[in-house]
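Okay, here's what each chain looks like letter by letter:
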Amino acid sequence: MKIAPFLTSLVVAVWVIAIAIISVQNATPVSLKFLTFQSIQIPMGLVLAFSAGVGLIGMALLQPFWGLASFGQRNSRLEDDAEFFVDDDF
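I will try to describe carefully the structure that is included in this document. Counting restarts for each chain: residues are numbered from 1 in the order of the written sequence. The predicted nature of this model means local features are confined to residues of pLDDT at least 70 and side-chain atom pairs, given and counted, to a pLDDT of 80 or more, with totals for whole chains, interfaces and linings taken over all residues. For side-chain calculations, the full set of non-hydrogen atoms in the structure is used, while hydrogens and water are omitted.

## As for the overall build of the chain
1) Next: For the chain, the count of helices and strands is two helices and four strands.
2) Next: In sequence order, the chain lays out its α and β elements as α-β-β-β-β-α. Here a helix means four or more residues in a row that DSSP labels H or I, a strand means two or more in a row labelled E, and each is numbered from the N terminus.

## Things to note about unusual backbone geometry
1) Next: For Leu 35, which is not glycine, the phi torsion reads 55° and is therefore positive.
2) Next: For every residue, the accessible area (1.4 Å probe, protein chains only) is compared with the maximum for its type, and the residue is labelled buried under 20%, exposed over 50%, or partly exposed between those bounds. Using a relative accessible area of 74% as the deciding quantity, one classes Leu 35 as exposed.

## A closer look at the environment of Val 16
1) Next: Mapped onto the fold, Val 16 is located in helix H1 (residues 3–25).
2) Next: Separated by 36 residues in the primary sequence, Val 16 and Ala 52 have C-alpha atoms spaced 8.7 Å apart.

## Here we look at a nonpolar patch on the surface
1) Next: Taken together, the side chains of Ile 3, Phe 6, Leu 7, Leu 10 and Val 14 present a nonpolar region at the surface, about 480 Å² in accessible area.
2) Next: By the element assignment, Val 14 lies in helix H1. Surface patches are drawn from residues lacking salt bridges whose relative accessible area is over 30%; two like charges belong together within 9 Å, two nonpolar side chains (Val, Leu, Ile, Met, Phe, Trp, Tyr) within 5 Å. Exposure was quantified through the Shrake-Rupley algorithm and a 1.4 Å probe, taking into account, for residues, occlusion by the shown protein chains and nothing else. Salt-bridge detection follows one rule: a side-chain nitrogen of Lys or Arg within 4 Å of a carboxyl oxygen of Asp or Glu.

## Quick notes on the environment of Pro 43
1) Next: Mapped onto the fold, Pro 43 is located in strand S4 (residues 42–43).
2) Next: Owing to a relative accessible area of 36%, Pro 43 belongs among the partly exposed residues under this scheme.
3) Next: Along the backbone, Pro 43 and Val 30 are 13 residues apart, and their C-alpha atoms lie at a distance of 6.0 Å.
4) Next: Residue contacts follow a heavy-atom distance rule, with two residues in contact if any of their heavy atoms lie within 4.5 Å. Those residues in contact with Pro 43, other than ones at most four positions away along the chain, are Asn 26, Ala 27, Thr 28 and Pro 29.

The values reported here are purely geometric and, on their own, carry no functional implication.
Take a look at the structure:
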């Protein structure tokens, strides 16, 4: 049994539960402002849930790109180590 997927699911489940609890407690309508733009009045809990959802989806979409970048760095680091540990006794 792999523990990493289980722990990931557990962390996401705890965050979803926490967001649900905070959303229920924060039903006050707010209006978001960015530069000159202003949104309609929506509950603070909905803003929080939407922001968390966008963050989860964004990280899921960007994660493969970080995997490719670290793969290239890992190979170059191994090549540097191989050059450093050359045995000249022969």
